[in-house]
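Chain residues, written in single-letter form:
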Amino acid sequence: MKHSIRAMAVTALLLGACHEEEEKVLIPAAVIPQDTMTSMMVDIQLVEGAANLNKLPGDQRLHYQAYDFVYEKFHVSRERFDSSFSFYRHHPELMLEIYEEVVDELGRLEVTEAAK
């Protein structure tokens with residue numbers, strides 16, 4: 001019985017903590033803004049999809065060139081992208097927002113292509 005009460009108390013504390021209002025995360029100036037990161041991630045998912053469809057055996061150069069194109073398109077270095085991705089990975093609530101937008105945008109693109 002003691003264990004049940006303890007377990008219920010711990011559960012109540014954890015649930016209460018989950019419902020507390022989260023503090024807004026300040027994104028450092030060196031980190032790519034969320035909207036830009038979202039757009040970059042959409043393009044990267046398109047690159048990944050194309051690479052998986054083509055299954056280029058043994059030659060990763062085209063794959064890396066496609067990534068480089070995305071970095072150039074957004075005027076971002078690979079290092080800045082990697083460090084920004086790491087920042088968002090350490091803030092899962094922000095990463096979730098980005099991925100939700102990525103999925104939404106990819107869905108819109110799929111509908112647009114299907115309508116053609």
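The preceding data block contains the structure.
The structure contained in this document is the topic of the report that follows.

Quick notes on the rules
Residues numbered from 1 in each chain as written. Predicted model: local features only at pLDDT ≥ 70, side-chain atom pairs only at ≥ 80, totals over all residues. Heavy atoms only, no water. Helix = DSSP H or I, 4+ residues; strand = E, 2+ residues; numbered from the N terminus. Expected span 1.5 Å × (residues − 1). Buried < 20%, exposed > 50% of the residue type's maximum accessible area, 1.4 Å probe, protein only. Arc of directions from axis to C-beta. Contact = heavy atoms within 4.5 Å. Core = buried A, V, L, I, M, F, W, Y, C linked by side-chain atoms within 4.5 Å.

Focus: helix H3 (residues 61-73)
Logical step 1: Across its 13 residues, H3 extends 18 Å between first and last C-alpha, which sits within 8% of the 18 Å expected from 1.5 Å per residue.
Logical step 2: Looking at H3, one finds that the buried residues are His63, Tyr67, Val70 and Tyr71. Relative to the axis of H3, the buried residues are bounded by an arc of 100 degrees and lie together on one face. In H3, the exposed positions that point more than 90 degrees away from the buried face belong to Arg61, Phe69 and Glu72.

Some thoughts on the side chain of serine 84
Logical step 1: Along the chain, serine 84 turns up in helix H4 (residues 78-89).
Logical step 2: Judged by relative accessible area, which is 1%, serine 84 ranks as buried.
Logical step 3: In this structure serine 84 touches Ala30, Val31, Ile32 and Met37, once residues within four positions along its chain are discounted.

Observations concerning the nonpolar core
Logical step 1: Ile32, Met37, Met40, Met41, Phe81, Tyr88 and Ile98 are the most contacted members of the largest nonpolar core, which totals 19 residues.
Logical step 2: Put simply, the parts of the chain that give this core at least two residues each are helix H2 (34-54), H3, H4 and helix H5 (92-115).
Logical step 3: The element best represented in this core is H2, accounting for six residues.
Logical step 4: Apart from residues no more than four positions distant in its own chain, methionine 40 is found in contact with Ile32, Val70, Tyr71, Phe74, Val76 and Phe81.

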